[in-house]
Amino acid sequence: MTAVTALDLPEFDYLAPDLTGAVYHERLAAVAAQGWLARAPLGFVVLERAAGEFFLRSRHTAFPGREIAEFFGVRGGRLADHIDANILNLSGDVHRRLRKLVGPAFTPHAADRWRPTMREFLARIGADIGPSTSCEFVATVAKPYASLMISTVLGASEDDAPRLHEWSNWIQKQFDVKALSTELPRIEEALDEAYAYVETLLARHRSEPVDDLVGALLAAEDEGAGLSHDECVNLVLNVLAGGVDTTQSQLAHGIRLFAEHPDQWALLRDRPELVDQAVAEILRLEPITPFTARICVAPIEYRDVTFPENTILAICAERANREPPDGNDFDITAERDTRVLTFGAGTHYCLGANLARAELAEALTYLATRMPELTLDGTPEATGVEGIYGMHSLPVRWSWPSAQ
Ligand code: HEM
């Protein structure tokens, strides 16, 4: 057994300033060609699916939200409190109890109940585009769609969607190691505003009960089902924060992939029954969560290597999802292993995965006919990959086939 610290490993810097787009994929491919593990800032990065799944599912690991924040100087204060209360940073019985309470609102069936609303929002966004045959996709489609959906799921007013979007963006920066050191005051301000908003939302739901996620959480609080008021507020906030930037970014990257592969877009239009495979393929090839993380809470032995307690591991979904033989291809008809790591794995597997898949499926179905013959209309601008891998802008244009 060799200690991981004694291994001669390649280095991978996920904080490198130029890590985005093609450079990011090339650099990861080069380091993964040397083995399944590399040294990285704060610890190590796991570059293979089986190993990634092992650490994500291990009983001896936890999400290192607090440790990473402390490393970047976040000790005490609003963000530290929020990180401690975030469901992602909880373990064991407390985590199991919360997942059990909130889980029924996120089953595939529950997600399907939102599909008519998704279609309504898409039709409205399509009507706003009007006869134009080009747009900047992020601002015109991805952002309003994701924000309208989360405001509806939370039973908030549609007029609040832009505010919810902004808060979600800032709060999600708790996972962006660069922003933790440079943007802390703005993140904390957003948290203050969002916490106050959620309290008002809960008070309104209490006086006008609705059969939705927030209604179910309030009932759990009232009926002594083991949910404290603070836990209730934090769960709503976790859903709000986790449910906007993620879907927006995944849809934008997905549309970019299709704009770069017109044959696949045409195929989806001709065969709409392929939509679930199309969703799976964009989630696989361009995961907007390129890395999730774990800390060893006890020594772990794996493949003749010892990982001491407190070792921090970044788990790379991007490499895990692209394993050979044809992992770099974009093909919505390919028969693939569906166990991608984009939503993580194990007890913290993304709570919103069914909702996200349904939102993406509805959007792709609608857009394949609304924006046929889609192409890029300029250079897409992606963000860095250290938190959510998003897109700043995605100029696209489309045209109607002459046979129409
Ligand atoms: C494409 C969209 C999305 C992606 C790629 C994504 C990805 C992830 C990942 C990687 C994790 C951590 C899993 C782990 O470390 O094992 C996670 C957790 C979580 N996600 Fe998502 N997510 C998405 C959409 C959503 C949506 C729409 C919501 C809410 C409506 C949501 C709410 C959450 C919550 C609450 C957790 C924490 C779960 C727990 O700790 O038990 N996510 N997500």
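Remember, predicted model here, so these are calculated numbers, not experimental data.

1. Here we look at the coordination of the iron atom of the ligand
Counting protein donors around the iron atom of the ligand gives one, Cys350 (SG), at 2.3 Å. Here Cys350 shows up in the loop between α17 (317-321) and α18 (353-370).

2. Some details on the site of the ligand
The immediate surroundings of the ligand are formed by 28 residues, with His95, Arg99, Arg294, His348 and Cys350 found nearest. In this structure, Ala345 approaches the ligand through a main-chain N or O atom, which is 3.4 Å from an oxygen atom. For the ligand, an oxygen atom lies 2.6 Å from a polar atom in the side chain of His348. The leading source of residues in the shell around the ligand is helix α14 (residues 245-260), at three residues.

3. Quick notes on the pattern of salt bridges
Following the criterion strictly, the structure yields 29 salt bridges and no others. A salt bridge links Arg303 to Glu48, with the shortest nitrogen-to-oxygen separation between them at 2.6 Å. One end of the pair, Arg303, is in the loop between β7 (300-302) and β8 (305-307); the other, Glu48, is in the loop between β3 (43-46) and α2 (49-57), with 255 residues separating them in the sequence. Relative accessible area serves as the criterion here: at 37%, Arg303 is assigned to the partly exposed category. Glu386 serves as the salt-bridge partner of Lys178, at 3.3 Å between the closest nitrogen and oxygen. Of this pair, Lys178 sits in helix α10 (residues 177-182) while Glu386 sits in the loop between β11 (381-382) and β12 (391-393), placing them 208 residues apart in sequence. Among the residues examined, Lys178 registers a relative accessible area of 30% and is labelled partly exposed. The exposure class assigned to Glu386 is buried, which follows from its relative accessible area of 17%.

Definitions and limits used
- Residue indices follow the written sequence of each chain, beginning from 1 at its first position.
- Whole-chain, interface and lining totals are the exception, using all residues; otherwise, since this is a predicted model, local features are given only for residues with pLDDT of at least 70 and side-chain atom pairs are given and counted only at 80 or more.
- By convention in this description, side-chain values take in all heavy atoms of the structure and omit both hydrogens and water.
- In this listing, donors mean N, O and S atoms no farther than 2.8 Å from the metal, or 3.2 Å for Na, K and Ca; water is missing from the atoms, so a site can look incomplete.
- The helix count covers DSSP runs of H or I at least four residues long, the strand count covers runs of E at least two residues long, and both are numbered beginning at the N terminus.
- Throughout, near means a residue has at least one heavy atom within 4 Å of the molecule or strand.
- As used in this structure description, the phrase polar contact means that two N or O atoms lie within 3.5 Å; if the pair is within protein, one of them must be able to donate a hydrogen and the other to accept it, and residues adjacent in sequence are counted only when both atoms belong to side chains.
- In what follows, salt bridge is the name for a side-chain nitrogen of Lys or Arg lying within 4 Å of a carboxyl oxygen of Asp or Glu.
- Relative accessible area decides the class of each residue, using a 1.4 Å probe on protein chains only: under 20% of the type maximum gives buried, over 50% gives exposed, and in between gives partly exposed.

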